[in-house]
Amino acid sequence: MARLAGTSTAVVSYVINNGPRPVAPATRERVLAAIKELGYRPDRVAQAMASRRTDLIGLIVPDTRQPFFAEMAHAVERAASERGKMVLVGNANYEDEREVHYLRAFLGMRVSGLILISQGPSEHAATEIDTWDARVVLLHRRPDAIDDVAVMADDIGGSQLATRHLLEHGHPYVAFFGGLEETPKSGDPVTDHVKGWQRAMQEAGRSTEGRYFHAPYNRYEAYPLALKLLASPDRPPAIMCATDDQAIAVLRAARELRIDVPGELAVAGFDDVKEAALTDPPLTTVGSDREAMARTAVDLVLDDALRLAGSRRERLRQYPSRLVIRQSCGCKG
């Protein structure tokens with residue numbers, strides 16, 4: 001191949017492996033033409049054995065059945081493809097044991113890096129990461145137990161924006177629907193959504209006591225709880241939901257009970273999943289730039305200099321949240 005391209009075997013290797021040294025564009029074109037003519041296919045297994053790393057990025061998520069995580073995983077896969085990498089996805093199912101299982105499996109495969117959307121405090125995951133001395137980037141959530149670089153949205157600010165918007169429609173108060181009953185943990189986006197709701201309510205001089213209702217994160221388990229809440233005599237006039245999936249459950253329950261949204265009940269969600277624009281009525285929600293967050297996570301996990309620089313605070317990349325106004329809040333959209 002080197003002879004056909006009129007260059008050295010070292011230069012051919014640089015083209016095939018995209019480094020470590022740059023190759024002049026004209027020389028690169030000759031090498032690529034030779035590769036095509038000869039029908040050469042690189043032996044990725046041999047390359048991985050030599051470099052002790054593969055062209056794979058591991059991505060661990062709580063549950064890709066949930067629209068937000070599915071869309072985030074898709075964005076990560078697209079960003080990784082732009083960098084010549086493939087993505088392995090593991091569903092932790094909100095279980096520490098499964099999260100650690102995928103950590104061990106992916107790191108044992110010598111992935112180039114690992115992007116972790118953690119579902120909990122992750123003490124066991126932290127131990128595993130330290131054992132392997134792994135390249136890890138946290139996405140969406142930053143547990144206290146893991147001190148790696150993180151890419152997150154402004155969850156407090158986003159929830160505050162949405163709650164404030166609902167209050168501006170003249171509602172006496174806004175209830176919060178979402179979050180599990182165990183003690184909230186630092187670095188959890190839903191905990192931050194609760195904080196944002198609390199701040200907006202406090203700013204407006206409204207009490208939050210008795211107005212926080214726990215619910216599972218997915219619409220199917222949240223739906224019966226939404227039915228119970230909306231059928232109660234003390235039905236809230238407006239509801240801020242921790243996720244769009246929970247908000248979709250609230251909208252479905254309202255339709256079942258013949259409660260007009262937004263006439264009798266205003267609803268807002270969080271995440272701006274694609275389905276939010278197609279609900280009836282279209283869901284007012286909070287969004288962030290998932291594509292940019294995914295690209296940043298991929299860049300960080302592949303670049304040691306970017307990932308390791310600075311203190312814990314400095315290694316947090318936070319993206320702003322924006323209010324996405326549709327019709328479920330009372331606006332015309």
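- An unreviewed UniProt entry annotates the protein as LacI family DNA-binding transcriptional regulator originating from Streptomyces olivaceiscleroticus.

### Here's the deal with the nonpolar core
Part 1: Ranked by internal contacts, the top residues of the largest apolar core, which has 49 residues, are I115, L139, F177, V250, L265 and V267.
Part 2: Only strand 1 (56-61), helix 5 (67-82), strand 4 (136-139), strand 5 (150-153), helix 10 (219-231), strand 8 (238-241), helix 11 (244-256) and helix 12 (290-302) provide two or more residues apiece to this core.
Part 3: Ignoring any residue separated from it by four or fewer positions in sequence, one finds L139 in contact with M72, V76, I115, L116, I117, V151, M293 and A297.
Part 4: Listed in part, the 20 residues of the second largest apolar core include V190, M201, A238 and A268.

### Side note on empty space enclosed by the protein
Unoccupied space between atoms shows up once a probe the size of one water molecule is rolled over them.
Part 1: Here the structure, examined in full by the defined rule, presents 1 cavity of 30 Å³ or more.
Part 2: In this structure, the largest cavity is lined by F68, M72, H140, A153, D155, F270, D271, V286, S288, R290 and M293.
Part 3: The residue inventory of the lining of the largest cavity, partitioned by class, reads 6 nonpolar, 2 polar and 3 charged.

### Let's talk about the packing of aromatic side chains
Part 1: With the rule as written, the count across this model stands at 6 aromatic pairs.
Part 2: Measuring from centroid to centroid gives 5.7 Å for Y102 and F106, while their planes differ by 40°, and the two rings are tilted. You can see Y102 and its partner F106 sitting in helix 6 (residues 96-108), 4 residues apart, about one turn around the helix. Each member of the pair, Y102 as well as F106, is classed as buried.
Part 3: Judged by centre distance (5.5 Å) and plane angle (45°), the ring pair of F176 and W197 falls under tilted. Linking F176 in strand 6 (residues 175-177) with W197 in helix 9 (residues 189-203), this pair joins segments that are 21 residues apart in sequence. Neither F176 nor W197 differs from the other in exposure class; each is buried.
Part 4: Among the aromatic side chains, those forming a connected cluster through ring pairs are F176, W197 and Y212.

Conventions adopted
- Residues numbered from 1 in each chain as written.
- Predicted model: local features only at pLDDT ≥ 70, side-chain atom pairs only at ≥ 80, totals over all residues.
- Heavy atoms only, no water.
- Core = buried A, V, L, I, M, F, W, Y, C linked by side-chain atoms within 4.5 Å.
- Buried < 20%, exposed > 50% of the residue type's maximum accessible area, 1.4 Å probe, protein only.
- Helix = DSSP H or I, 4+ residues; strand = E, 2+ residues; numbered from the N terminus.
- Contact = heavy atoms within 4.5 Å.
- 1 Å grid on protein atoms, 1.4 Å probe; cavity = no way out; pocket = protein on both sides within 12 Å on 5 of 7 lines; lining within 4 Å.
- Points joined across faces, edges and corners; volume = space filled by probe spheres on them.
- Nonpolar A, V, L, I, M, F, W, Y, C, P; charged D, E, K, R; others polar.
- Phe/Tyr/Trp six-rings, centres within 6.5 Å; stacked < 30°, edge-to-face > 60°.

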